[in-house]
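Topology and contacts: notes
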Amino acid sequence: MRKGVTLVATAGLLVAAAAVGATILGPGTGAASSHREAPLIAEDPSADLTDLYAFRSPDNPGTVTILANVIPGEDPAAGPNWYTFSPNARYNLKVDTNGDALPDVTYRFQFKTKTGPFFLGDTAQPYTVTRVVGHKAKVVARGTTPPNNIGPRSTPNYHALAEKGILSLAGGGKVFAGQRDDPFFGDVGAIFDLVAIRKGTGNMGGGKDFFAGYGVHTFGVQVPIAGLRAKNSTIGVWSSVDRRAITRRGAATRNSGAWVQVDRLANPLVNEVVIPTGLKDQWNALQPSQEARFEKYYTSPILAAVINKLYKLGAPETGRDDLVAVLLTGVPKLNYTGPKLADLLRVNLSIPVTKDPNRLGVLGGDVQGWPNGRRLDDDVIDIAEQAVGGFLKGTKLPLGDGVNGDDRSPMPSFPYIADPQSGFDNTKGK
Ligand SMILES: [Ca+2]
Ligand SMILES: [Ca+2]
Ligand SMILES: [Ca+2]
Ligand SMILES: [Ca+2]
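This is a predicted model, so every value here is computed, not measured.

On to the overall build of the protein. The secondary structure content of the protein amounts to 9 helices and 13 strands. Residue burial in the protein is summarised as follows: out of 430 residues, 54% are buried. Residue pairs at least 24 apart in sequence account for 63% of intrachain contacts in the protein once pairs closer than 6 positions are excluded. Surface accessibility of the protein: about 18,300 Å² in total, with carbon and sulfur atoms responsible for 56%.

Right, dumping it as structure tokens:
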């Protein structure tokens, strides 16, 4: 490598590097639900999407809320250059309203970083939100994120500070971007130790929530359902992050070239456990409309074979049209969007908000939960393990990771995700 200047990665090189990266890093680098799921994105945390949520807003049912998280495993105490959105990335929420897996409406977030005082970083980031419809792009919000929750001297009255970060969107709706508690919960320490289950077949408590005390950065909108004009009341949602193709490093870093997609995410755990390690980086760089090339990994899931090998549970290993429906087309009479195969988080917005949500969503008889959209409290690890185990094919296994909910309760209104823990409190330290 020449001194001072390194030329890094076009999208093509990223794809070519996938197999090599996989061999070097191996499967042990994973966490969940899409935290550090693929070799390349694990080296780029500020562009690493962790989870996507989409649900009819419980306190404002004429609207839909879409929230995406990035930056896995933020330790709130990790100063002085705390976690921030990358000023060199585009963060996208994309909505398909007519079943072709192409975006009809995109909300695009772009951030700046300010220089902080003394020796400290400044985590309050100016940003814009652009709404893209077809070839028309319009800035619909400008504002500043709340700072990260550093502690009572730097960021007193944190909840009030964060509330000030909720902005109005031109044309209706709300927007938020900033640090939050990671609402994802799961016993990842056990799952990635070759799907270990601490107690029995799981789903009976006793798991350890790896994500407790850690934060993420959230970007999200709440918009009127009527304004989306969705065919059959159902939308397909995904999130993605783009970077410039060329990075030139030296005393200053310069980015140039076309925007290329470096991560995407819709349903939880897809790239994590459906797509084989050697193809994960390629999957992140492709569009949902190109999903058909991965179909065999949905019809013959690796996870079913692994849990059968480990636990002899009799999960169906082939012919999984049930998983294709759940993840790639939507389920007939629930959230079907047509025959086009694409990993989208599909939400039927005509289904009313339930007063009594079940953490197992559709498998628990609650059709407002995942895989019909995804709410913050949906226990997607238990749902996914039971679905892969063959629930919809009649093999009903009581699988789960023993963690049934988050360590922080969601808030009753937008952006719903709880305030992050403070760095000063350092809840993970002794
Ligand atoms: Ca990710
Ligand atoms: Ca479309
Ligand atoms: Ca949490
Ligand atoms: Ca669970």
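As a further point, take the nonpolar core. Among the nonpolar cores identified, the biggest contains 79 residues, and Phe109, Phe219 and Tyr298 are the most heavily contacted of them. Excluding anything up to four places from it in sequence, Phe219 contacts Leu49, Ile66, Leu67, Ala68, Val70, Phe85, Tyr91, Asn92, Leu93, Phe109, Phe176 and Ala177.

Bringing the coordination of the calcium ion (ligand 3) into the picture now. The textbook angles at a metal center are 109.5 degrees for a tetrahedron of four donors and 90 or 180 degrees for an octahedron of six. Each protein donor to the calcium ion (ligand 3) is listed here as Asp181 (OD), Asp182 (O), Asp406 (OD), Asp406 (OD) and Asp407 (OD); together their distances run 2.3 to 3.2 Å. Here the donor residues of the calcium ion (ligand 3) are spaced in sequence according to D-D-x223-D-D. Taken as a pair, Asp181 in strand 9 (residues 174–181) and Asp407 in the segment after helix 9 (380–388) lie far apart in primary sequence, 226 residues in all. For Asp181, a relative accessible area of 1% translates into the label buried.

Omega for the peptide link from Gly79 to Pro80 comes to 5 degrees, which places this bond in the cis form. Examined against the element boundaries, Pro80 turns out to sit in the loop between strand 3 (63–74) and strand 4 (89–96). Omega for the bond connecting Trp370 with Pro371 falls within 30 degrees of zero, at 10 degrees, which places this linkage in the cis form. Along the polypeptide, Pro371 turns up in the loop between strand 13 (345–348) and helix 9.

Moving on, we get to the confidence of the model for the protein. Counting all residues, the mean pLDDT for the protein is 89, and 89% of those residues have values of 70 or more. Per-residue pLDDT stays below 50 along residues 1–31; that stretch engages in 41 contacts with residues further than four places along the chain or on separate chains.

Glancing now at the sheet that holds strand 10 (residues 215–224). Taken in spatial order, the 5 strands make up an open sheet running 2-3-10-9-8, and their pairing is antiparallel. A strand with exactly one partner marks an edge of an open sheet, and here the two such strands are strand 2 (49–56) and strand 8 (167–168).

Before going further, it helps to examine the coordination of the calcium ion (ligand 1). The calcium ion (ligand 1) binds to the protein through Ser34 (O), Ser34 (OG), Glu37 (OE), Glu37 (OE), Asp48 (OD), Leu49 (O) and Asp263 (OD), with metal-donor distances spanning 2.2 to 3.1 Å. In primary sequence terms, the donor set of the calcium ion (ligand 1) follows S-x2-E-x10-D-L-x213-D. A residue pair is termed long-range when its members are at least 10 positions apart, and Ser34 in the loop between helix 1 (11–25) and strand 2 and Asp263 in strand 12 (residues 254–265) qualify at 229 residues.

Another aspect to go through is empty space enclosed by the protein. This model, assessed by the stated rule, comprises 3 cavities of 30 Å³ or more. Pro183, Leu376, Asp377, Asp406, Arg408, Ser409, Pro410, Tyr416, Ile417 and Ala418 together form the lining of the second largest cavity.

Time to look at the side chain of Asp379. Locating Asp379 in the fold gives a position in the loop between strand 13 and helix 9. Here Asp379 falls in the buried class, since its relative accessible area comes to 0%.

The subject of this paragraph is the packing of aromatic side chains. The way to describe two aromatic rings as a pair is by their centre distance and the angle between their planes. Within this structure, the stated rule accounts for 14 aromatic pairs. Centroid distance Phe55 to Tyr416: 5.4 Å. Interplanar angle 70 degrees. Geometry classified as edge-to-face. Highlighted residues: Phe55 in strand 2 and Tyr416 in the segment after helix 9, separated in sequence by 361 residues. Across the pair, exposure class does not vary: Phe55 and Tyr416 are buried alike. For the pair Phe85 and Tyr91, a centre-to-centre distance of 5.3 Å together with 75 degrees between the ring planes defines the contact as edge-to-face. Considered together, Phe85 and Tyr91 belong to a single accessibility category, that of buried residues. Taken together through their ring pairs, the aromatic side chains of Phe85, Tyr91, Phe109, Phe111, Tyr127 and Phe219 make up a single cluster. Across the ring face of Trp283, the terminal group of Arg264 is positioned such that the distance to the ring centre comes to 3.6 Å. Here Lys396 stacks its cationic end above the ring of Phe391, 4.6 Å away from the centre of that ring.

What counts, and where the lines are drawn
Residue indices begin from 1 for each chain and proceed along its sequence in written order. Chain letters and ligand numbers both follow the written order, the letters beginning at A and the numbers at 1. With pLDDT at 70 or above as the cut-off, local features in this predicted model cover only qualifying residues; side-chain atom pairs require 80 or more to be listed or tallied, and sums for whole chains, interfaces and linings still use all residues. To obtain the side-chain values, all non-hydrogen atoms of the structure were used and water was disregarded. Helix numbering and strand numbering both begin at the N terminus, where a helix is a DSSP run of H or I of at least 4 residues and a strand a DSSP run of E of at least 2. Relative accessibility thresholds used throughout: buried, under 20% of the residue-type maximum; exposed, over 50%; partly exposed, between the two (1.4 Å probe, protein chains only). In what follows, residue pairs with any heavy atoms lying within 4.5 Å of each other are defined as contacts. Accessible surface is estimated by sampling points in the Shrake-Rupley manner with a 1.4 Å probe; for residues, cover comes only from the protein chains shown. Side-chain atoms within 4.5 Å link the members of a nonpolar core, which is a set of buried Ala, Val, Leu, Ile, Met, Phe, Trp, Tyr and Cys residues. Note that water is not among the atoms considered, so a metal site may appear incomplete; the donors listed are N, O and S atoms within 2.8 Å of the metal, with 3.2 Å applied to Na, K and Ca. Residue-level confidence of the predictor is what pLDDT reports, using numbers from 0 through 100. Think of it this way: DSSP has to see at least two bridges between two strands before they count as a pair. Points on a 1 Å grid, built from protein atoms alone, make a cavity when a 1.4 Å probe fits but cannot get out and make a pocket when they are open with protein on both sides within 12 Å along at least 5 of 7 lines; residues with an atom within 4 Å of a point are the lining residues. Grid points are joined across faces, edges and corners, and a volume is the space filled by probe spheres set on the points. Aromatic rings from Phe, Tyr and Trp, with only the six-membered ring used for Trp, were paired whenever their centres fell within 6.5 Å, and each pair was classed as stacked if the ring planes differed by under 30 degrees, edge-to-face if by over 60, and tilted otherwise. For a Lys NZ or an Arg CZ to count as sitting over a ring, it must be within 6 Å of the ring centre and within 35 degrees of the ring normal.

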